[in-house]
Amino acid sequence: MGYDGAVKLRRVYPLIIGLVVVPAAMMLTVGILMLVFGRQPQDYVFGILILALVATTIFGTIGTLVVLYREAYVSRLQTDFVNKVSHDLRTPLTSIRMFVETLQLGRIADPVQAKEALDIIAAESERLSQLITRLLDWARMESGKRSFDLRPQPIGPIVDDALRAVEPQRVQTGAQMLRDVPDDLPLVDADRDALCDALVDLLQNAFKYTGPEKRITVSARRVGNAVEVIVEDNGPGIPGADQVRIFEKFYRGKDPLERTIEGSGLGLSMVKHVVEAHGGKVGVKSELGKGAAFSVLLPPAEETKP
């Protein structure tokens, strides 16, 4: 069922009402009348049977509609995702092909301009590589084939790796970034690369959804025996309805401004997958106009548990 599936589903609602709901309501009425006014024992039996049949019909119909609607909705999200990814793949490929053809035809004689063209090709190639890597990671995640090498280690160096990964964005945007990670936190069982990628996703989200005066804080603290890492920004905040579903795959906020920001809708779902694979939990707290704080709660390493 594709995007049109949701439309077709809405079109059959009147048919379902006519063939199921109305007869069920009539049977319900008959059943109630039998129970209220029935004078023979069989009237009560028939009334109870009719009521049971009506209840089964109604709940079965509701359950079927919910499943069909959910499938249509997920199918639409997948279609949007494929269209978005196709666009994201075509954009760097078009730039690479254009500059390669320009260089092949010798249209850039100036060595400085030629180097600029090569730099653009290199940057677009890296962008394309990152997108493909993300898609492959998502495919492995969906198939359950993505494995993690969990080892006891401090959280500080992992946070530092993530901060180094987004340093070019910090320099380019002039963002203020604060690191607040104590050295005496418990060790956590972590796949360093995977957990670093998850934190990078959270940091990149903070860059995307904050205005020109970006202030981003990465902090960590002890919560009982566990360790909590928080990525906080000064963006516009996230509506409550979106907070409930923001970690679902393909889901993107309904705010028109957010829809114009690049993204596949996979980042936060992959963060959730990675964190849960570490035995942890991911969450978000936000108020409109007051930014957002994404938290990653990780259990302590087995060897450090009391």
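Analysis parameters
- Residues numbered from 1 in each chain as written.
- Predicted model: local features only at pLDDT ≥ 70, side-chain atom pairs only at ≥ 80, totals over all residues.
- Heavy atoms only, no water.
- Buried < 20%, exposed > 50% of the residue type's maximum accessible area, 1.4 Å probe, protein only.
- Helix = DSSP H or I, 4+ residues; strand = E, 2+ residues; numbered from the N terminus.
- Pairing = 2+ DSSP bridges.
- Core = buried A, V, L, I, M, F, W, Y, C linked by side-chain atoms within 4.5 Å.
- Contact = heavy atoms within 4.5 Å.
- Salt bridge = Lys/Arg side-chain N within 4 Å of Asp/Glu carboxyl O.
- Expected span 1.5 Å × (residues − 1).
- Polar contact = N/O pair within 3.5 Å; in protein donor to acceptor, adjacent residues only side chain to side chain.
- Phe/Tyr/Trp six-rings, centres within 6.5 Å; stacked < 30°, edge-to-face > 60°.
- pLDDT = per-residue confidence, 0-100.

K.L.:
Sorry, what's going on with the pairing of strand E5 (residues 226-233) here?
P.N.:
One face of the sheet, then the other: side chains in a regular strand alternate in exactly this way. Among the eight residues in E5, seven count as buried, and that is most of the element. Note that strand E4 (residues 215-223) and E5 share eight bridges and pair antiparallel. Following the sheet pairing, Val223 is matched in E5 by Ala226. Between E4 and the antiparallel strand that follows it, E5, lie two residues; Gly224 among them carries a positive phi value of about 65°. Summarising the sheet, E5 and strand E7 (residues 292-298) pair through six bridges and their orientation is antiparallel. Across the sheet, residue Val227 finds its bridge partner in E7, namely Leu298.

K.L.:
So what exactly am I meant to see when it comes to the nonpolar core here?
P.N.:
Soluble globular proteins: nonpolar side chains tend toward being buried together. Counting 40 residues, the largest nonpolar core has Ile155, Val159, Leu202, Leu203, Val229 and Phe294 as the members making the most contacts within it. It is helix H7 (residues 192-208) that contributes the most residues to this core, 10 residues altogether. Beyond its immediate stretch of four places on either side in the chain, Ile155 contacts Val181, Leu185, Val188, Leu195, Ala220, Val227, Val229 and Leu298. Among the nonpolar cores identified, the runner-up in size contains six residues, and Ile96, Ile108, Ala117 and Ile121 belong to it.

K.L.:
Would you explain the pattern of salt bridges in this entry?
P.N.:
The tally for this structure, following the rule as stated, stands at eight salt bridges. Notably, a salt bridge pairs Arg179 with Asp160, separated by 2.6 Å at the nearest N-O pair. Note that Arg179 is positioned in strand E2 (residues 176-180) and Asp160 in helix H5 (residues 155-165), a separation of 19 residues in sequence. A salt bridge links Asp161 to Arg192; the shortest N-O distance between them is 2.7 Å. Separated by 31 residues along the polypeptide, Asp161 in helix H5 and Arg192 in helix H7 bring together distant segments of the chain. A relative accessible area of 35% places Arg192 in the partly exposed class. Several salt bridges converge on common partners, so that one network encompasses Asp161, Arg164 and Arg192.

K.L.:
When you look at helix H4 (residues 111-143) in this model, what are you seeing that I'm missing?
P.N.:
An α-helical segment advances 3.6 residues per turn. Residues three or four places apart therefore align on the same side. When the terminal C-alpha atoms of H4 are compared, their 48 Å separation across 33 residues agrees well with the 48 Å that a helix rising 1.5 Å per residue should span. Regarding H4, the residues found buried are Ala114, Ala117, Ile121, Glu124, Leu128, Leu131, Asp137, Trp138 and Met141. Its side-chain oxygen at 3.1 Å from the backbone nitrogen of Val112, Asp110 defines the N-terminal cap of H4. One or two residues past the end of H4 sits Gly144, with phi positive at roughly 75°.

K.L.:
When you look at helix H10 (residues 267-277) in this model, what are you seeing that I'm missing?
P.N.:
Every buried residue of H10 is listed here: Leu268, Ser269, Met270, Val271, Val274 and Val275. Check the buried side of H10 and you find it contacts H4, H7, strand E6 (281-286) and E7. Gly279 lies just past H10 and shows a positive phi near 80°.

K.L.:
I'm lost on the packing of aromatic side chains in this one. Help?
P.N.:
Remark: the centre distance and the inter-plane angle together describe each pair of aromatic rings, the angle taken between the planes. Scanning the entire structure with this criterion turns up one aromatic pair. Summarising the aromatic geometry, the rings of Phe247 and Phe294 are spaced 6.1 Å apart at their centres and angled 85° between planes, so their arrangement reads as edge-to-face. Taken as a pair, Phe247 in the loop between helix H8 (240-245) and helix H9 (256-259) and Phe294 in strand E7 lie far apart in primary sequence, 47 residues in all. Here Phe247 falls in the buried class, since its relative accessible area comes to 12%.

K.L.:
I would appreciate a short explanation of the side chain of His278 in the present structure.
P.N.:
On the secondary structure map, His278 appears in the loop between H10 and E6. Residue classification places His278 among the buried positions, given a relative accessible area of 6%. One polar contact links the side chain of His278 to the main-chain amide nitrogen of Asp191, over a distance of 3.0 Å.

K.L.:
Would you explain the confidence of the model for the protein in this entry?
P.N.:
Low pLDDT means the predicted coordinates in that region are not meant to be read closely. Averaged over every residue, the pLDDT of the protein is 78; residues scoring 70 or more account for 70%. Counting contacts from residues 1-15, a segment whose pLDDT is below 50, to residues more than four positions away or on other chains yields 14 contacts. Scored below 50 in pLDDT, residues 256-261 makes 10 contacts in the model with residues more than four places away or belonging to other chains.

K.L.:
Where do I start with the environment of Pro299 in this structure?
P.N.:
Here Pro299 is to be found in the segment after E7. Judged by its relative accessible area of 25%, Pro299 falls in the partly exposed class. Separated by 74 residues in sequence, Pro299 and Asn225 have C-alpha atoms that sit 7.1 Å apart. Not counting chain neighbours up to four residues away, the residues in contact with Pro299 comprise Val188, Asp189, Ala226, His278, Gly279 and Gly280.

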